[in-house]
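Fold and contact review
Given next are the chains, with one letter for each unit.
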Amino acid sequence: MSGPDAETPSAIQICRIMRPDDANVAGNVHGGTILKMIEEAGVIISTRHCNSQNGERCVAVLARVERTDFLSPMCIGEVAHVSAEITYTSKHSVEVQVNVMSENILTGTKKLTNKATLWYVPLSLKNVDKVLEVPPVVYSRQEQEEEGRRRYEAQKLDRMQTKWRNGDIIQPVLNPEPNTVSYSQSSLIHLVGPSDCTLHGFVHGDSSSNSTGLEVPSSGNTAGTQEDLAPGSWKDTFSFNSVTMKLMDEVAGIVAARHCKTNIVTASVDAINFHDKIRKGCVITISGRMTFTSNKSMEIEVLVDADPVVDNSQERYRAASAFFTYVSLSQDGRSLPVPQLVPETEDEKKRFEEGKGRYLQMKAKRQGQAEPQP
């Protein structure tokens, strides 16, 4: 094993065959379906690790999904092999790296389809507001711990910058012009029911404190330490964040298809941040809008707002946010040019330039990785 010591419960693999209800009309498996499997593998391994020593029992909740690349499409009838490994632990958080392989069971062909990094925080089964300490992992090389600490600090900084954008709201516009931001947007409303919730009564996500750099589930408090958290109890029931991610991908896909009117597939997800927990009975609004287009890709910002309709003490709040990148494909799977987005307002132009910056930064990173090492 390249990561922590093999004696710890730090690696698992799960698999599932892809069915017709997992895919779009072109037969490609939805990115949201794959994200859901990735999160399920992550919560299993992180919860198992956090309970590997004697002490107070807990469940690991998802706080953040780092950039996830969709390297190759997966099709109906193929088997998804999801491998998860714990690669770093801080005092209150767990980093899990996940690889997804697809297998054609007729030919035996396998290919890498996805790579993702997720961060989890352990919450007590007795008190949802109590963050427990994470058992340390044993590294085979000191460099692994140092590299993990750098990744931890980088996501902490990025997460703090994301919080500054949380007041933004996507408003619908009547009769918008094609290729404008007002045209290339969509929303979905979903009532969180029992089938969306965790077996342990917790959301699988939303966590950080000043000590962890990851946000602990709270009621609108995105800065906090444990003392800042809103009251909670074992009787609280929260939504799976894998369900939220799947809905986010569906909305982003609608926006992309509406914009270019072709078959579209998820190319990548740029950091999903879970800012607050979603309780059973909440009505969530998942809104997506196009922010940037290159010649062959589209960036869509997706925001999740939760409205606790049965709780008059809490107002509507931002629960999650992310940027999805989609590409347009022909019927034979070839990449197609994307209609260029026309930003109209100053805010739209600003978001377009910010999206362009993210695109150029990632393009330079990919080119750097592709260059042969001396």
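This text follows the structure it describes.
Residues numbered from 1 in each chain as written. Predicted model: local features only at pLDDT ≥ 70, side-chain atom pairs only at ≥ 80, totals over all residues. Heavy atoms only, no water.

A few points about helix H1 (residues 31–50)
For H1, spanning 20 residues, the distance from its first C-alpha to its last is 28 Å, which sits close to the expected 28 Å at 1.5 Å a residue. Of all the 20 residues making up H1, 16 are buried; the element is thus mostly covered by neighbouring parts of the structure. (Helix = DSSP H or I, 4+ residues; strand = E, 2+ residues; numbered from the N terminus. Expected span 1.5 Å × (residues − 1). Buried < 20%, exposed > 50% of the residue type's maximum accessible area, 1.4 Å probe, protein only.)

Observations concerning the pattern of salt bridges
Under the definition given, this model contains 17 salt bridges. In this structure, the salt-bridge partner of Asp305 is Arg316, at a minimum N-O distance of 3.7 Å. A residue pair is termed long-range when its members are at least 10 positions apart, and Asp305 in strand S10 (residues 298–307) and Arg316 in the loop between S10 and strand S11 (317–329) qualify at eleven residues. Using a relative accessible area of 7% as the deciding quantity, one classes Asp305 as buried. In this structure, Asp305 and Arg318 form a salt bridge, with 2.5 Å as the shortest nitrogen-oxygen distance. Of this pair, Asp305 sits in strand S10 while Arg318 sits in strand S11; the two residues are 13 residues apart in sequence, bridging distant segments of the chain. For the pair formed by Asp305 and Arg318, the shared burial category is buried. Each of Arg64, Glu66 and Asp158 takes part in a single network of salt bridges with overlapping partners. (Salt bridge = Lys/Arg side-chain N within 4 Å of Asp/Glu carboxyl O.)

A short note on helix H3 (residues 241–260)
Its 20 residues give H3 an end-to-end C-alpha distance of 29 Å, which sits within 8% of 28 Å, the value for a rise of 1.5 Å per residue. In terms of burial, H3 is largely enclosed, as 15 of its 20 residues are buried. Immediately downstream of H3, the backbone of Lys261 shows phi near 55°, a positive value.

Here we look at the nonpolar core
Core analysis: the biggest nonpolar cluster contains 70 residues, and Met248, Ile272, Met298, Ile300 and Phe324 have the highest contact counts within it. Among the elements that take part in this core, H3 stands out by supplying nine residues, more than any other. (Core = buried A, V, L, I, M, F, W, Y, C linked by side-chain atoms within 4.5 Å.)

Overview of the packing of aromatic side chains
If you walk through the whole model with that rule in mind, you get five aromatic pairs. Considering the side-chain rings of Trp119 and Tyr152, the 5.9 Å spacing of their centres and the 55° angle between planes classify their relative orientation as tilted. One end of the pair, Trp119, is in strand S6 (residues 110–124); the other, Tyr152, is in helix H2 (residues 142–163), with 33 residues separating them in the sequence. Judged by its relative accessible area of 0%, Trp119 falls in the buried class. By relative accessible area, which is 6% here, Tyr152 ends up buried. A connected cluster of aromatic rings, assembled from ring pairs, spans Tyr88, Trp119 and Tyr152. Of note, Arg258 hangs over the ring of Tyr183, and the distance from its end group to the ring centre comes to 4.2 Å. A cation over an aromatic ring shows up here: Arg358 above the ring of Phe323, its NZ or CZ 3.9 Å from the ring centre. (Phe/Tyr/Trp six-rings, centres within 6.5 Å; stacked < 30°, edge-to-face > 60°. Lys NZ or Arg CZ within 6 Å of the ring centre and 35° of its normal.)

Notes on the side chain of Arg318
The buried category is assigned to Arg318, whose relative accessible area is 10%. Among the polar contacts made by the side chain of Arg318, one reaches the side chain of Asp305 at a distance of 2.5 Å. (Polar contact = N/O pair within 3.5 Å; in protein donor to acceptor, adjacent residues only side chain to side chain.)

Some thoughts on the pairing of strand S2 (residues 58–65)
Here S2 lies mainly inside the structure; eight of its eight residues are buried. Where S2 meets S6, seven bridges bridge the pair, whose relative direction is antiparallel. If you follow Arg64 over to S6, its bridge partner there is Trp119. Relative to strand S8 (residues 263–274), S2 runs antiparallel, the two sharing two bridges. What sits directly across from Arg64, in S8, is Asn273. (Pairing = 2+ DSSP bridges.)

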